[in-house]
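A structural walkthrough
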Amino acid sequence: MTENTPTSGTTTSGYSAFIPEIWSQKLNNMLSKECVMLQCVNRNYEGEIKNQGDTVKIITPAAVSISSLGTGNITYSELEPTSTDLVIDQKKFFAFKINDVAQVQANTDIMVAHLENAKNAIEEVQDAYLLGMHSNVPAANTVGSDSAAVELSKTTIYEQFVKLALCLKNSNAVSAAKRPWVVINPTIESYLLQSTEFIGAHNVADETLREGAIGRIAGMDVLVSTNLTDVDGKYYVLAGTNDAITFASQLAKIESLRDKDSFSDLIRGLYLYGAKTVQPNALAKLVVKKPTA
């Protein structure tokens, strides 16, 4: 590791160039690009979030009815849009200490490395939180159940995923402009890759897959997340369109402090987020039995 030599009593390491605004902008950009579940939600109502507990107001248009034109007068129905609140109630932070010796010895890439680690940690809790939205899936859009979870294999996986896609189509969630997605974990991926019906990403022609998608099955883009973990011996495979869940987040604050008890700098950041299932019928789930071996 190359050692940076201090000049005029100042440290010229990667940490000496710490500027909160730059760190905040870089980390926000990194978070918006690669997180699996952020590709499966919409951020239409994000607005400005500064504090935990901030609320984003969501207005849902009312349905418009169609009538036959007869000989009488046209009657007008009074539309009443519904309102719901997206509460930013998830509050996470990271905090670490860098001593002066490490600052002197650090190369200029050390800031980026710590940003990457912070991003990965945030994505893990964020992905798990959004995957937990499976609890909002209506019964009509659920394949399998807690008491009768589906057992997958390379020969049955396509049939089960067709059922999953059919749920979304029957609830009018899918259209030419609203391509569905499905999130699986590496265990389910191992079955999928052995299925003859699976279309790998390298064979998907004339269409752009989501970043990180491994391909398509039953018309759904397939993404893989290690944060889809078992719950009481079951996996809840979530599918849907981006209309289903709205998400809002903000890296509210990132700052550095001098530690009064040691020769160190303290760096900490506060990340706020929240999500709301605004269209439950645009979600579907497959309850999968966890393999015993």
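As a starting point, this report considers the structure included with it. (Residues numbered from 1 in each chain as written. Predicted model: local features only at pLDDT ≥ 70, side-chain atom pairs only at ≥ 80, totals over all residues. Heavy atoms only, no water.)

Digging into the overall build of the protein chain
- The helix and strand inventory of the protein chain stands at 5 helices and 12 strands.
- Considering only contacts within the protein chain whose residues lie at least 6 apart along the sequence, 80% involve residues at least 24 apart.
- Carbon together with sulfur atoms contributes 50% to the accessible area of the protein chain, which is approximately 16200 Å² in total. (Helix = DSSP H or I, 4+ residues; strand = E, 2+ residues; numbered from the N terminus. Contact = heavy atoms within 4.5 Å. Areas by Shrake-Rupley, 256 points an atom, 1.4 Å probe, with all protein chains shown as cover.)

Observations concerning the side chain of Arg216
- When you line up the elements, Arg216 lands in strand β7 (residues 215-217).
- In this structure the side chain of Arg216 is engaged in a polar contact, spanning 3.0 Å, whose partner is the side chain of Asp221. (Polar contact = N/O pair within 3.5 Å; in protein donor to acceptor, adjacent residues only side chain to side chain.)

Some thoughts on unusual backbone geometry
- Not every positive phi belongs to a glycine, and Ala218 is a case in point at roughly 55°.
- Classification of Ala218 as buried rests on a relative accessible area of 18%.
- Look at Asp232: it is not a glycine, yet its phi comes out positive at around 55°.
- Inspection of the secondary structure assignment puts Asp232 in the loop between β8 (220-224) and β9 (234-240). (Buried < 20%, exposed > 50% of the residue type's maximum accessible area, 1.4 Å probe, protein only.)

A word on the sheet that holds strand β4 (residues 142-143)
- Strands sit in the order β4-β12-β9-β5-β8-β7-β6 across an open sheet of 7 strands; the sheet is mixed. Each edge of the open sheet is held by one strand with a lone partner, namely β4 and β6 (199-200).
- Both β6 and β7 contribute to a ladder of 2 bridges, which runs antiparallel. In the sheet register, Gly200 faces β7, and the bridge partner there is Gly215.
- With respect to the sheet, helix α4 (residues 157-170) is in contact with β4, β5 (181-184), β7, β8, β9 and β12 (283-289), its orientation differing from that of β12 by roughly 155°. (Pairing = 2+ DSSP bridges. Axes fitted to C-alpha atoms, helices over the stretch in contact; angles between N-to-C directions.)

Concerning the sheet that holds strand β3 (residues 90-99)
- With antiparallel pairing, the 3 strands of this open sheet are ordered in space as β3-β11-β10. Either end of the sheet is taken by a strand with one partner, and the two such strands are β3 and β10 (245-258). Between one strand axis and the next, the sheet turns through 15° on average, direction left out of account.
- Pairing between β10 and strand β11 (residues 264-277): 13 bridges, direction antiparallel. The partner of Ile245 across the bridge, within β11, is Thr277.

Section: the pattern of salt bridges
- Enumeration over the complete set of coordinates arrives at 13 salt bridges.
- Put simply, Lys57 and Asp85 hold a salt bridge, and the shortest N to O gap is 2.9 Å. Of the two residues, Lys57 sits in strand β1 (residues 55-60) while Asp85 sits in strand β2 (residues 82-87), which places them 28 residues apart along the sequence.
- Among the residues examined, Asp85 registers a relative accessible area of 32% and is labelled partly exposed.
- Here Lys260 makes a salt bridge to Asp261, at a shortest N to O gap of 3.3 Å. Judged on exposure class, the residue Lys260 and its partner Asp261 are both exposed.
- Salt bridges here are not isolated pairs; linked through shared partners, they connect Arg179, Arg210, Arg216 and Asp221. (Salt bridge = Lys/Arg side-chain N within 4 Å of Asp/Glu carboxyl O.)

Comments concerning a nonpolar patch on the surface
- Side chains of Leu69, Ile74 and Tyr76 sit close together on the surface and give an oily, nonpolar patch of about 460 Å² of accessible area.
- Positionally, Leu69 belongs in the loop between β1 and β2.
- With a relative accessible area of 74%, Leu69 lands in the exposed category. (Patch = residues over 30% accessible without salt bridge, like charges linked within 9 Å, V, L, I, M, F, W, Y side chains within 5 Å.)

Re the nonpolar core
- Counting 65 residues, the largest nonpolar core has Phe161 and Val237 as its most contacted members.
- If near-sequence neighbours (up to four positions away) are discounted, Val237 is found in contact with Phe161, Leu164, Val182, Val183, Ile184, Ile188, Leu228, Ala284, Lys285, Leu286 and Val288.
- Formed by 6 residues, the second largest nonpolar core is a distinct cluster that contains Val56, Ile58, Ala248 and Leu272. (Core = buried A, V, L, I, M, F, W, Y, C linked by side-chain atoms within 4.5 Å.)

As for the environment of Ser153
- Inspection of the secondary structure puts Ser153 in the loop between β4 and α4.
- According to the relative accessible area criterion, Ser153 is partly exposed, its value standing at 24%.
- Along the chain, Ser153 and Ser190 lie 37 residues apart, while their C-alpha atoms are 9.2 Å from each other.

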